[in-house]
Protein chains: 2
Amino acid sequence: MDLTAQAIKRLPYYLQHLRFLREKGVETISAASIASALKLNEVQVRKDIALVSSCKGKPRVGFPVNNLISDIEACLGYNRLNTAILIGAGCMGQALLINTAFPKYGLDIKAAFDINSDIVGSTICDKHIYPLEYLEEYCDKNEIQIGIITSPANTAQDICDRLLACGIKAIWNFALLTLDVPEDILVYNENLVGTLGFFSQYFKEDNTNRENRS
Amino acid sequence: MDLTAQAIKRLPYYLQHLRFLREKGVETISAASIASALKLNEVQVRKDIALVSSCKGKPRVGFPVNNLISDIEACLGYNRLNTAILIGAGCMGQALLINTAFPKYGLDIKAAFDINSDIVGSTICDKHIYPLEYLEEYCDKNEIQIGIITSPANTAQDICDRLLACGIKAIWNFALLTLDVPEDILVYNENLVGTLGFFSQYFKEDNTNRENRS
């Protein structure tokens, strides 16, 4: 079964909501109730559930919460941990290192690397920060699937090249740079400042009006 | 002129590259060279430039870097600062507070709010962290356009309601929750764990093969 990018982005919201319900002791849930909580169309919810789960909703009872959770986890591959290392343990890097939710979404960050001697040697949430020159040796000793780049843009390509040379096949790139990689490598760019364009566009007219008034 | 969401997401990469060139003293740049650096099609680059700028490229010289930068900044509204406050100064929040690039992309985070007495009263990169109960009074005294929610999902809707009651019109939401807002409010959801689905999908087959082998 092929999941669209939209579905892959949408399903974590289902999971977060269903896990929240499970914690509260809720055992069954209707598609209408999920749709309302997630501000989605009920038809969309039924389609999404059919896509990822063989659970059948029972009239006046709904879907079993537990089964839906495990089906979504299995479908997205969240029930297995993929190993990752992170390069650049500045603030963005540290925010990712301490994110306790990631293992619940299939990501296990094993260690971090940095060049800053103030933080090299320290540990953040049980993740050791190694000197960058140890990268190759570490990857040789540990099976790592994903490289997370949270270093400055001007170092990102070099770091990416080193990660690929270590046999890493997927890059989660937070640097604002288009990485040059072979076709078989998965790169996902996280573009936070890109989002800011939506806000500045939204307020642009407001600002112009304000200036014209004053 | 209407920018597509794709263009809004793409333009910061131009800006980053052009600012980098300017720092290196480069005065003119060809569309082909931009295309190569950004791994885009040259036709796409020429279209993007025509969309945001009246600069004409000169044969064998290219486009003036400085003018391109200011045209992109003006088009995206990055040449003006939009004011923001941030709710939830945990690690993700702190990563945003110390991001020195944001002002260059039009975002000015003025202050943060939290309930954790260990950090309330402290200052991160000149941004004061106030107790959450001071939110309404602060917004009354300061003109704030954007609310950034980096609090846990179970508090996000309540915080969102309070921000909107303060007159805030746009929300940058990092909590994994679909916020309930009136139609005229701009919400942009940042869904980091959503990205993880792409990686787990990519490695799912790998993992299955490995299991079958062992």
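In what follows, the structure referred to is the one given above.
Now for a look at the structure at hand. Not measured: the values here are computed from a predicted model.

1. Quick look at the packing of helix α1 (residues 5–23) of chain B against helix α4 (residues 65–76) of chain B
Residue and element names in this part refer to chain B.
Moving on, step 1. Where α1 meets α4, the closest approach of the two axes is 10 Å, and the angle between their N-to-C directions is 150°. Overall, the two elements α1 and α4 adopt an arrangement that is roughly antiparallel. Of the two elements, α1 crosses α4, and the hand of that crossing is left-handed. For the pair α1 and α4, contact is made by I8, L11, Y14, L15, L18, R19 and R22 and by V65, N66, L68, I69, I72, E73 and L76, respectively.
Moving on, step 2. The class makeup of the residues in the contact of α1 with α4 is 10 nonpolar, one polar and three charged.

2. Description of the interface of chain A and chain B
Moving on, step 1. Every contact between the two is made by 62 residues of chain A and, on the other side, 62 residues of chain B.
Moving on, step 2. For the chain A and chain B pair, buried surface summed over both sides reaches about 6100 Å², with 66% attributable to carbon and sulfur atoms.
Moving on, step 3. When residues of chain A are sorted by the area they lose upon contact with chain B, Y13(A), F198(A) and F199(A) head the list and together hold 12% of the total.
Moving on, step 4. In this structure, the connection of chain A to chain B is made through zero salt bridges.
Moving on, step 5. Joining chain A to chain B, the criterion identifies 25 residue pairs in polar contact (both at pLDDT 80 or more).
Moving on, step 6. Elements represented by at least two residues in the side of chain A that touches chain B include exactly α1 (5–23), α2 (31–38), α4 (65–76), α5 (91–97), β8 (170–173), β9 (186–189) and α8 (192–213) of chain A.
Moving on, step 7. With 16 residues, the top contributor of residues to the side of chain A that touches chain B is α8(A).
Moving on, step 8. A per-class count over the side of chain A that touches chain B returns 38 nonpolar, 13 polar and 11 charged.

3. Notes on the relation of the copies chain A and chain B
Moving on, step 1. Each copy superposes on the other: chain A lies on chain B with an RMSD of 0.0 Å after a rotation of 180° and an axial shift of 0.0 Å. Taken together, the rotation and translation relating the two chain copies correspond to the operation of a two-fold axis. Among all residues of chain A, the one whose C-alpha sits closest to the rotation axis is A95(A), at a distance of 3.1 Å.
Moving on, step 2. Interface overlap between copies: 100% of the residues of chain A at the interface are likewise at the interface in chain B, consistent with a symmetric, same-surface contact.

4. Some thoughts on the packing of α2(A) against helix α3 (residues 42–52) of chain A
Residue and element names in this part refer to chain A.
Moving on, step 1. Running from N to C, α2 and α3 point in directions that differ by 110°, and their axes come no closer than 8 Å. Relative to α3, α2 is oriented roughly perpendicular. Crossing handedness for the pair α2 and α3: right-handed. Contact residues: α2 offers A31, A32, I34 and A35, while α3 offers E42, V45, R46 and I49.

5. Points about the sheet that holds strand β4 (residues 107–114) of chain A
All names here are of chain A.
Moving on, step 1. Strand order in the open sheet formed by seven strands is β5-β6-β4-β3-β7-β8-β9, and the pairing between neighbours is mixed. Each edge of the open sheet carries a strand with a single partner, namely β5 (123–124) and β9.
Moving on, step 2. Relative to strand β6 (residues 127–131), β5 is paired through two bridges, and the arrangement is antiparallel. Paired with T123 across the two strands is H128, which belongs to β6.

6. Some words on the pattern of salt bridges
Moving on, step 1. On inspection of all chains with the given rule, the structure shows 12 salt bridges over all chains.
Moving on, step 2. Measuring nitrogen to oxygen at the nearest pair gives 3.1 Å for the salt bridge that ties E42(A) to R46(A). Taken as a pair, E42(A) and R46(A) lie in helix α3 at a separation of four residues, close to a single helical turn.
Moving on, step 3. Look at R46(A) and you get partly exposed, because its relative accessible area is 44%.
Moving on, step 4. The partner of E137(B) in a salt bridge is K141(B), with the nearest N and O atoms 3.1 Å apart.

How each quantity is defined
Residues numbered from 1 in each chain as written. Chains lettered and ligands numbered in written order. Predicted model: local features only at pLDDT ≥ 70, side-chain atom pairs only at ≥ 80, totals over all residues. Heavy atoms only, no water. Axes fitted to C-alpha atoms, helices over the stretch in contact; angles between N-to-C directions. Helix = DSSP H or I, 4+ residues; strand = E, 2+ residues; numbered from the N terminus. Parallel < 35°, antiparallel > 145°, perpendicular 65-115°, else oblique. Left-handed = near helix turned anticlockwise from the far one by under 90°. Contact = heavy atoms within 4.5 Å. Nonpolar A, V, L, I, M, F, W, Y, C, P; charged D, E, K, R; others polar. Buried area = accessible area lost by both parts, 1.4 Å probe. Salt bridge = Lys/Arg side-chain N within 4 Å of Asp/Glu carboxyl O. Polar contact = N/O pair within 3.5 Å; in protein donor to acceptor, adjacent residues only side chain to side chain. Least-squares fit on C-alpha atoms with pLDDT ≥ 70 in both. Pairing = 2+ DSSP bridges. Buried < 20%, exposed > 50% of the residue type's maximum accessible area, 1.4 Å probe, protein only.

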